[in-house]
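# Remarks on the overall topology
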Amino acid sequence: MRGAGSLRIAVLASGRGSNLQAIIDAIEAGTLDATLALVLSNKSDAPALERARKHGAPAVFLDAKPFSTKSSDPKEKQAAREAYDRTVLDVLKQHDIGLVVLAGYMRIVTTVLINAYPNRIMNIHPSLLPSFPGLEVQQKALDWGVKVAGCTVHFVTEGVDEGPIILQAAVPVLDGDTAETLAARILVEEHKIYPRAIQFHAEGRLHVEGRRVRIDDR
Ligand code: GRF
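From a predicted model like this one, the values you see are computed outputs, not experimental measurements.

If you check the shell around the ligand, you find Arg16, Gly17, Ser18, Asn19, Gly104, Ile124, His125, Pro126 and Glu190 and nothing else. The contact in question runs from an oxygen atom of the ligand to an N or O atom on the backbone of Gly17, over 2.9 Å. Within the side chain of Ser18, an N or O atom sits 2.5 Å from an oxygen atom of the ligand. Summarising the interface, the protein chains cover 86% of the accessible area of the ligand, which totals 370 Å² for the free molecule. Every element with two or more residues in the shell around the ligand is listed here: α1 (18-29) and β5 (121-125). Here the shell around the ligand is built from residues that sort into two nonpolar, five polar and two charged.

On to the pairing of strand β9 (residues 212-215). Sheet analysis places strand β8 (residues 206-209) next to β9, joined by four bridges and oriented antiparallel. Directly across from His207, in β9, lies its bridge partner Arg214. Linkage of β8 to β9, two consecutive antiparallel strands, is achieved through a turn of two residues, within which Gly210 is found at a positive phi near 65 degrees.

What follows covers the side chain of His154. Counting through the fold element by element, His154 comes out in strand β6 (residues 148-155). Once residues within four sequence positions are removed from consideration, His154 is found in contact with Ile121, Met122, Asn123, His125, Leu129, Asp161, Glu162, Gly163, Pro164, Ile165 and Ile166.

Under the defined criterion, the tally for this structure stands at one aromatic pair. Lying over the aromatic face of Tyr84, Arg107 brings its terminal NZ or CZ to 4.0 Å of the ring centre.

On to α1. Relative to the 16 Å expected for twelve residues at 1.5 Å per residue, α1 spans 16 Å between its end C-alpha atoms, a close match to the ideal helical length. Among all positions of α1, only Ser18, Asn19, Leu20, Ala22, Ile23, Ile24, Ala26 and Ile27 are buried. Its buried side turned inward, α1 meets β1 (7-12), β2 (34-41), α2 (47-55), β4 (99-102), β5 and α6 (179-202). Of the residues one or two after α1, Gly30 is the one with positive phi, at around 85 degrees.

Turning our attention to the nonpolar core. Of all hydrophobic cores here, the largest spans 43 residues; its most connected members are Ile9, Val11, Met122 and Ile198. The leading source of residues in this core is α6, at seven residues. Each residue touching Val11, except ones within four places of it in the same chain, is listed here: Leu20, Ile23, Leu36, Leu38, Val39, Leu40, Val101 and Ala103. One finds Leu102, Tyr105, Val109 and Ile121 within the second-largest nonpolar core, a separate group that totals 23 residues.

Turning next to the pairing of β2. Among the eight residues in β2, eight count as buried, and that is most of the element. Viewed along the sheet, the connection from β1 through α1 into β2 turns out right-handed. As paired elements, β2 and strand β3 (residues 59-61) share three bridges and run parallel to each other. Paired with Ser41 across the bridge in β3 is Phe61. With respect to chirality, the unit in which β2 leads through α2 into the neighbouring parallel β3 is right-handed.

Conventions and cut-offs
Residues numbered from 1 in each chain as written. Predicted model: local features only at pLDDT ≥ 70, side-chain atom pairs only at ≥ 80, totals over all residues. Heavy atoms only, no water. Near = heavy atom within 4 Å. Polar contact = N/O pair within 3.5 Å; in protein donor to acceptor, adjacent residues only side chain to side chain. Areas by Shrake-Rupley, 256 points an atom, 1.4 Å probe, with all protein chains shown as cover. Helix = DSSP H or I, 4+ residues; strand = E, 2+ residues; numbered from the N terminus. Nonpolar A, V, L, I, M, F, W, Y, C, P; charged D, E, K, R; others polar. Pairing = 2+ DSSP bridges. Contact = heavy atoms within 4.5 Å. Phe/Tyr/Trp six-rings, centres within 6.5 Å; stacked < 30°, edge-to-face > 60°. Lys NZ or Arg CZ within 6 Å of the ring centre and 35° of its normal. Expected span 1.5 Å × (residues − 1). Buried < 20%, exposed > 50% of the residue type's maximum accessible area, 1.4 Å probe, protein only. Core = buried A, V, L, I, M, F, W, Y, C linked by side-chain atoms within 4.5 Å. Right-handed = clockwise from strand over helix to strand, strands pointing away.

Below you can see the structure in the form of structure tokens.
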């Protein structure tokens, strides 16, 4: 496996995995000093798993079905999510993971993982948080009429898309934009800032001070 940095990262992904690919490319180019020690997906056919295999990294599909509940009781739903995350945690421990990187991972992460990896779980979100948390955010940005959109890398805390912000990048919203063209412009920036944020962590330069993340100068 290429990428012999001492930081062992796990990427959790549910879909196409273009951010995973940007991370792999950065490792292979030597700009990200980390080892891709695991890619885990809740989707058996996630292209992200194939990208991991091509890089020579362990690729694990963890089926959520045995953990799902038909109940609409929020407590039972939460218990089901936590049970799944306990299994995820076992896999992370087996692979001696130091940083968990969510990249298009379509599950809510529970305190089971958050408490096991405090300030060591990152996520990327395709809006300038705190504007437009949640899903279909490029369309929401267009509907609101904002002139600037972008993406955010943040630490994961219990509130969805609420954790301390590590890096952001902005792009203009153009008159003719659709959700697709805007998403594509944002994605170019995602692929730059995610590997950079992980590299900052690898270098020990990120310091969480309340809501703010201070990045040491080099
Ligand atoms: C990205 O837009 C990311 O910001 C969001 O989900 C998408 C994942 O894309 N969280 P990919 O699977 O990395 O291509």
